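Secondary and tertiary structure notes
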Amino acid sequence: MPEGDSIFRAARALHRALAGKVVTSFETTLAPLERVNDDTPIRGRTVERVEARGKWCLIFFSGDLTLLTHMRMSGSWHIYKTGERWQAPRAAMRVVITCGDVQAVAFHVPVAEFHTSRSLERSENVPKLGIDVLGTSFSIDAATRALREHRQSHPDAEIANVLLNQRVLAGIGNVYKSEIAFAAGVNPFRKIQTISDRELERIAEIAERYMRANVAEDKGEAIVTYTGPRRTTHAMNQGARLWVYRRQGQECRRCGTIIEMRRQGTGARSTYWCPSCQPWVDANERSGRPSSER
Ligand SMILES: [Zn+2]
């Protein structure tokens, strides 16, 4: 699944390529989009801006029309010079927006909808997203508050699942989930009720730091959280760039304990952690009950 930062990068690239330009042709294989295009043509509208909100990409056209796409596992947006050969088969094409000499092509996007600002506001298909970790309204205080509110309403939720919940914080995907929990020293299976305010604040702070760093440095699609120690001049391979993700059976970079992996949550997503750096804390310990009463 594309992580929030890769959606953010895709939206930024689309914005740079299309914003301010007039659509010269619009093509789609999706019937609901085609119907809207027939009634209220996209051709002739100006692309006002492109934004990422969590895992959604929003392309705003003049005349109060917005194209919303969700990439899920397989979808992607490509940008081409008009006439350039596509890097994916034509059969995978769902939407083509041409603005003169530049073309944005959506392949395999499973969710694509047109909205007016009003329907976007009302739509139940569009989740009301939490605070976007990469958004302009993000602050560590606001993110910590959102996590605390979720702790209040869903005390039994496991923290790694909370990190993936786009209605709490938007933009964190499965790789960051494990990396953030590791860096915060928090066992990913802990119920959120066992997690202190200080730990929640640390989680929010690390989430922002990791995701911003990966956007800012434009490292391509590879996510980097682990950058040291720099004792060697050999270029690090991708496996050397993360603390725990996909490192089960290998030694923890901090303490040498063997990294573990277990499936977690409704989607049975893989979760990686170091049992020493991220010790288990159960609900009774946090509530301060003496161990003899357990
Ligand atoms: Zn460790």
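Look up: the structure comes first, before these words.
Rules used in this analysis
- Residues numbered from 1 in each chain as written.
- Predicted model: local features only at pLDDT ≥ 70, side-chain atom pairs only at ≥ 80, totals over all residues.
- Heavy atoms only, no water.
- Pairing = 2+ DSSP bridges.
- Helix = DSSP H or I, 4+ residues; strand = E, 2+ residues; numbered from the N terminus.
- Axes fitted to C-alpha atoms, helices over the stretch in contact; angles between N-to-C directions.
- Contact = heavy atoms within 4.5 Å.
- Donors = N, O, S within 2.8 Å, 3.2 Å for Na, K, Ca; no water.
- Tetrahedral: all angles 85-135°; square planar, octahedral: opposite > 155°, others 65-115°.
- Buried < 20%, exposed > 50% of the residue type's maximum accessible area, 1.4 Å probe, protein only.
- Core = buried A, V, L, I, M, F, W, Y, C linked by side-chain atoms within 4.5 Å.

Let's shift gears to the sheet that holds strand β4 (residues 65-70). On the basis of which strands lie adjacent, the open sheet formed by four strands has the order β2-β3-β4-β8 and antiparallel pairing. Pairing within the sheet leaves two strands with one partner each, and these edge strands are β2 (47-53) and β8 (111-115). Here the strands of the sheet are splayed against their neighbours by 15° on average, with no regard to which way each runs. Strand direction decides the pairing type here: strand β3 (residues 56-61) and β4, joined by six bridges, are antiparallel. Bridge pairing in β4 links L58 to L68. Against the sheet, helix α2 (residues 31-39) touches β4 and β8, its axis set at about 25° to β8.

Time to look at the coordination of the zinc ion. Around the zinc ion, the protein supplies C252 (SG), C255 (SG), C274 (SG) and C277 (SG) as donor atoms, at distances of 2.2 to 2.3 Å. One way to put it: the four donor atoms around the zinc ion meet at angles of 101 to 113°, and that makes the site tetrahedral. Taken in chain order, the donor set of the zinc ion reads C-x2-C-x18-C-x2-C. Of this pair, C255 sits in the loop between α7 (197-216) and β11 (260-264) while C274 sits in the loop between β12 (269-273) and α8 (283-287), and the two are 19 residues apart along the sequence. Residue class for C255 comes out partly exposed when judged on its relative accessible area of 39%. According to the relative accessible area criterion, C274 is buried, its value standing at 0%.

Next up on the list: the pairing of strand β6 (residues 93-99). Counting buried residues along β6, seven of its seven residues qualify, which places the element largely inside the surrounding structure. One ladder, built from four bridges, connects strand β1 (residues 25-28) with β6; its direction is antiparallel. From the neighbouring strand, E27 faces β6, where its bridge partner is V96. Where β6 and strand β7 (residues 102-107) come together, six bridges link them in antiparallel fashion. Pairing of V96 across the sheet is with V105, part of β7. The hairpin formed by β6 and β7 contains two residues between the paired strands, and G100 there has a positive phi angle of roughly 60°.

Here we come to the nonpolar core. Residues L147, I159, L169, I172, I180 and I203 are the most contacted members of the largest nonpolar core, which totals 42 residues. Going through the elements one at a time, α4 (140-153), α5 (159-164), α6 (174-183) and α7 are the ones with two or more residues in this core. Here this core gets eight residues from one element, more than from any other, and that element is α7. Other than its neighbours up to four places away in sequence, I159 contacts V186, N187, P188, R190, I192, I195, L200 and I203. One finds F26, V50, C57 and A104 within the second-largest nonpolar core, a separate group that totals 28 residues.

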